[in-house]
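What follows is the residue order along each chain.
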Amino acid sequence: PLGAQGADAGLQTCGSPVATLALAENPNGYTMSSHYQLPASPVPLIKLIAQQSGCFRVVDRAAGLRNTVQEQELKAAGIIRSDSTVAKGKGYEAQYTLIPSLTFSEQDAGRGLAGILASIPVLRDIGGLIGLVEQVKLKEAQVALLLTDNETTEQLAAATGAARSTDLGLGGLVASKLGGAGAVGWSNTNEGKVIAAAFYDAHNKLVQQVQALKAKDLPPAVPTNK
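Residues numbered from 1 in each chain as written. Predicted model: local features only at pLDDT ≥ 70, side-chain atom pairs only at ≥ 80, totals over all residues. Heavy atoms only, no water.

J.: Which parts of the structure should I look at to understand the side chain of Thr-97?
T.: Counting through the fold element by element, Thr-97 comes out in strand E3 (residues 96–106). Residue Thr-97 is classed as buried on the basis of its relative accessible area, which comes to 18%. In terms of polar contacts, Thr-97 uses its side chain to reach the side chain of Asn-150, at 2.8 Å. (Helix = DSSP H or I, 4+ residues; strand = E, 2+ residues; numbered from the N terminus. Buried < 20%, exposed > 50% of the residue type's maximum accessible area, 1.4 Å probe, protein only. Polar contact = N/O pair within 3.5 Å; in protein donor to acceptor, adjacent residues only side chain to side chain.)

J.: What's the story with the pattern of salt bridges in this structure? I'm lost.
T.: Here the idea is simple: oppositely charged side chains can pair when their charged atoms come close. If you walk through the whole model with that rule in mind, you get 2 salt bridges. A salt bridge links Glu-140 to Arg-164, with the shortest nitrogen-to-oxygen separation between them at 2.8 Å. Placement of Glu-140 in strand E4 (residues 137–149) and of Arg-164 in strand E5 (residues 155–167) is noted, with a sequence separation of 24 residues between them. For Glu-140, a relative accessible area of 16% corresponds to the buried category. Here Arg-164 falls in the exposed class, since its relative accessible area comes to 53%. (Salt bridge = Lys/Arg side-chain N within 4 Å of Asp/Glu carboxyl O.)

J.: Hey, could you run me through the environment of Tyr-96 in this one?
T.: Mapped onto the secondary structure, Tyr-96 falls in strand E3. The class for Tyr-96 is buried, based on a relative accessible area of 5%. Distance in space between the C-alpha atoms of Tyr-96 and Leu-156 is 9.2 Å, their sequence separation being 60 residues.

Read these as layout, nothing more, since geometry by itself doesn't imply function.
Shown next as structure tokens:
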């Protein structure tokens, strides 16, 4: 109700939700979870971003939904109060389903940079420089957020995001834009920070696409007679 709290200034925010989303796991899985020390799924991270932006109403179709159904069954069985707030017909429908995808992630994309710089005599002769250059690693991630209309099954949007950061071995990468990412395990590793920043970028682009879709669906304004 209070809107985004503690979010980065660059996060795309809205005064009220523009759509209701359900987030689903990618059926093809996430190669990042086996290659890096990262959480198994980016869905909690994307839920966090969407909640902080205030642009989407997020409905739970996983554990939260199962618990809701359980409470309704308990009410029907007479175990909980008959005037309980848990009742049929109060749930929000998900207008869209959002599926995250990691399209590319590279830990050592700049491995060849050290060799290139080492071949330049004027740089090779600088004491200690090559030792520093050998630590240079360009960490890069490219992700996508795929939006499907639950009424028509049409994929309406595919927002891509990318992030790159340079690790010079002098204190690690810059912190993720979303401080709250630490709560879901995405700021524990350098790779996690880069992937989180890429999803942050994709979310901002998705908001703009959904706003354009909603504006397109609005009925034309009716002129008033004076």
